[in-house]
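Architecture at a glance
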Amino acid sequence: MGCRHHIPLLVAILAIATPALSWREYRIRRSIDLSATNPLIPDAKLPTDLVPLNYSLRIELNAAQLAFHGAVNITMTCAKRTNQINLHAHHDLQVDEVNLEVVQHNVGGVEGASAIVKIRRVDRVPKKPLLVVYFHDDFAAGGLYEARIHFKGQIWENTEGLFQGKYKNSEGEYMQEHSYFATYFRPHLARRVFPCFDEPAYKVPFQVTIVRPKGYHTLFNTPLERTETVDDHFEADHFKVTPAMSTFTLGFVVSELSEVTYTATEGDSQVKPALRIWARKDVHDQLKDVKRRVRVVLEHLNRYWNEEYPLEKLDIVALPNFASVKPADNWGLILFKENELQQGYYGITQELVYQWLGSWITPHWWSDAHVNKAVAGFLSASTAIAIDNGVEFEGKWPMTILYSIYYEFSKRYPHSRITGMKQETTCSKTELVLRMLNYTLGAETFRKGLQKFIEHREYKTFVSNDIWEALTKQAHLDNRLCETATVNEIAESWITKDRIPMVSVVRSYEKRTATVTQRLYLRERPHDVPEQDKMLWWIPLVVVRQDGLNFTNTSATKWMKKVREVTLENLPDANNFIIVNPEEIGPFPVNYDQQNWNLLADYLQTEQGRSKIPVYTRAKLLHDAWNLAYAGDLSFATAFNMTLFIQYERNHLVWNPVFTLIDHIGRHIDMSAVHKKFEIYVRTLLTPLYEELVENQRDDEERWKGNLRSLAKSFLCKAGYKPCIEEAQKIFRKWMDSTEPDMGNPVANQYICPVFKWGTQEEWEFGLQRVINFPESRVKSERTYLLKTLAGCPIQAAKINRLLNLTILEDNGNFTDNDISLIFKMLSGGSNGYMALFKFLQQNWDVIKARLKDRESLWDNLINSATGLFTTQEGYDLVSQLYTQRQGDFGTAEHIVEKSLKNIKEETKWSDENLPVIEKWLDNFLSRNKLSEEKFMG
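Just so we're clear, the structure is a prediction, and the values are computed from it rather than from any experiment. (Residues numbered from 1 in each chain as written. Predicted model: local features only at pLDDT ≥ 70, side-chain atom pairs only at ≥ 80, totals over all residues. Heavy atoms only, no water.)

Glancing now at the sheet that holds strand β11 (residues 174-184). In space, the 4 strands of this open sheet follow the order β10-β11-β16-β13, with antiparallel pairing throughout. Edge strands, defined here as strands with exactly one partner in the open sheet, are β10 (161-171) and β13 (217-220). Each strand axis lies, on average, 20° off the axis of its neighbour in the sheet, ignoring direction. By the bridge criterion, 11 bridges tie β10 to β11 in an arrangement that is antiparallel. The residue of β11 that forms the bridge with Asn 169 is Gln 176. (Pairing = 2+ DSSP bridges. Helix = DSSP H or I, 4+ residues; strand = E, 2+ residues; numbered from the N terminus. Axes fitted to C-alpha atoms, helices over the stretch in contact; angles between N-to-C directions.)

Per the stated rule, a full pass over the model turns up 2 disulfides. There is a disulfide in this structure between Cys 717 and Cys 724, and the S-S distance comes to 1.4 Å. Residues Cys 717 and Cys 724 are joined by a disulfide whose S-S torsion is about 85°; by sign, that bridge is right-handed. Both residues of the pair, Cys 717 and Cys 724, belong to the buried class. Each sulfur in the disulfide pair Cys 753 and Cys 793 lies 2.0 Å from the other. For the disulfide bridge between Cys 753 and Cys 793, the dihedral angle about the S-S bond is near -120°, and by the sign convention the bridge is left-handed. On the criterion of sequence distance, the pair formed by Cys 753 in helix α20 (residues 749-758) and Cys 793 in the loop between α22 (780-792) and α23 (797-809) is long-range, its members being 40 residues apart. Of the two residues, Cys 753 and Cys 793, neither departs from the other in class, the shared state being buried. Disulfide partners in the chain, listed by the sequence order of the bonded cysteines, are 1-2, 3-4. (Disulfide = S-S within 2.5 Å. Buried < 20%, exposed > 50% of the residue type's maximum accessible area, 1.4 Å probe, protein only.)

Another point: the packing of helix α7 (residues 399-409) against helix α14 (residues 615-631). At a minimum axis distance of 13 Å, the contact between α7 and α14 shows a crossing angle of 15°. The orientation of α7 relative to α14 falls into the category roughly parallel. Our pair here, α7 against α14, has a crossing hand that is right-handed. Of the residues in α14, those touching α7 at Met 399, Tyr 403, Tyr 406 and Tyr 407 are Tyr 616, Ala 619, Lys 620, His 623, Asp 624 and Asn 627. Of the residues belonging to the contact of α7 with α14, the class tally is 6 nonpolar, 2 polar and 2 charged. (Parallel < 35°, antiparallel > 145°, perpendicular 65-115°, else oblique. Left-handed = near helix turned anticlockwise from the far one by under 90°. Contact = heavy atoms within 4.5 Å. Nonpolar A, V, L, I, M, F, W, Y, C, P; charged D, E, K, R; others polar.)

Spelled out as structure tokens, the structure:
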């Protein structure tokens, strides 16, 4: 389809119907923040002339002044002659340059002999967090040197470097305020606290002392060795020397938090590592189960890696009001938000995986961080599934990330050319490639390969290829991969492209063979991606056949070794289907010849078929069919045939992609006469599902049933389901009857859009007045949501014109330019909106042009929203006529309307090709399936 950058209307105004998945939030907000590490990839590395051997670090907290000071001694060896030391030190960190001292040890080869090295000057590099010390004489290669540096800095409120947090805890009848001090050094924030070699490849031991106020205690990476009194107010905590570690894995917490107590069981004291959970007392009861869950995960990971947890202790801290988006996964000391610890295994597992792969074995540079995160994501999901069948996923791993990959990488311009988004989607794709390898190489070979990878890398670093090479060696050893093939080649073919392939399977039923081809998968039109003919992947062809259904064998029947075409042989006869890539083993869609699709559609309509084909495969077949049709690679008649079994389907995993696909297709055909028939089709599918879910609703039902019921209800409300509209209007009336309607909104978001779409002008006007009179004291996001629904939900031109007249022609002062841009954006979500906006622009051109004369951004947004969403010849003619009439008068938006015309022409081709097919299928379907229209608005 054409390139669309507006927010889908359903997503924008009905997000309340799709509660965020806690596990998905977790996987997005993991400790390895690719948006933070990606900008570091091109950073210049420190010179390698000097290599650190160890640190001796002392930090003293001044809680009253929110400051700290300290000293660091860095012992280094000289690898190559140099006359300077380069260290990272943030601009905000003050370094005592006057008393900075560098000592050479073992002078003249005499052990114990030392001498002060004369310093020429000390520089702070402008605009770079670097401290450079220059010397009169060169350091000798092989020499041993020690830099002794004093420093001081501020304790921040934001979670960068050393920060302060506050919380309240009940103490008797009162709430007492407490403070804590903690560090967050990932990925390169240790330099904010002390001068150091702040790169992941430098892994050395640390000897650390923390001086803190009395009454507090300190948690650090390693156990406490001893505590000394400094004076009446301060104590010094000395900790055991750490193993070799990177600066970003260093961390400490100074607090009054207390250990969550548990009923000890026999043998607890002998279990390694020593495990403690820390929290404020008020939440201890909510965290009683954390220790057990952490132990369960540690046991699984110990077995998986075939390596014990590498440290003697592990502290887990539920940090109150922890403002960081991501946990702080310090080695041996993990800091979570309180609510992140209260349920499930996935989030805990993510951070524990990083204790092995991230802290113990560390990416050599930030360019390898995405692979580290991908391995952690895959192992966390598979571990959670092994422990309790992944209850918290509700079966949605890996489908949720898989579908997002399908949509993102099938665009003409993936990630909208946003680098941070590219890193996240590449990481997700890498996670799916790991899952594919786990299937095709075999879980045991995959596990042994990862074990081989970590062997002999303890306390060292790795690059991505080290993982692929270890998997290759194990796969060759187990005869799971031919000797001429490598996992490096397989992984490289997937990870280095911002694309995914599609596979086409065309069977020769007489010969019982199939020709299998691969090419770039594109949903958006035009399909004009440069060099797409050169793009090839290593693709495993796992085949399931109807005459011997077996979904447990995930070995590849054949690999497409970066070749365009291969042949599958010895296939079943013409009465039996085949399925390639069952269970979404690889992240690619599969197309078939017409007869194979028909065999699949017929089989899925039988109870036996739905019971024998697993849920992921049912979902895949449906998802692939619709997306391939949307992309122009499959007849919509075939895709719609694949939906016939959905009338009998009650598994939410199969239904979830249906809602997205209905929304996509519905919006695209919104302007055509076919849309009404499509809406009746949607009503026919969803009404029995929703009414059955309502009838069988229970207080103790699984969460997915509530989510599915909510989604079905949202779509039915959008389609005018009277029980929903009446319920919404009844609740909305209570707001209208309240004496102070501007003091708060008692109506849940899910009810607002149905009222504004199907309700009266009076109800809509009431909502408009609430936006106009919105008090400054209330949360601004409530006003934003109201404005979105006022613009995006109505189907009546009168409501839309009232809003446009008020904000543009009357220039009402209650609406900012951002408000007006939001209105334009929401109107572009459906044909009623953008058609009304187009006519408004057409009829009021001169006045609007004058109003927006000095507001170019707003003018550009208006032209984009008013002209860019048409999909039919009628729409093309309207925009073309306006362009002809006003050519040269569009100003800064001239290129926008020209781009709109180009896109509409592509969309018109799609409509001309597909709308007759869709209409014919719908006519046939609706003639055989009658639904009482009395339940719906006109």
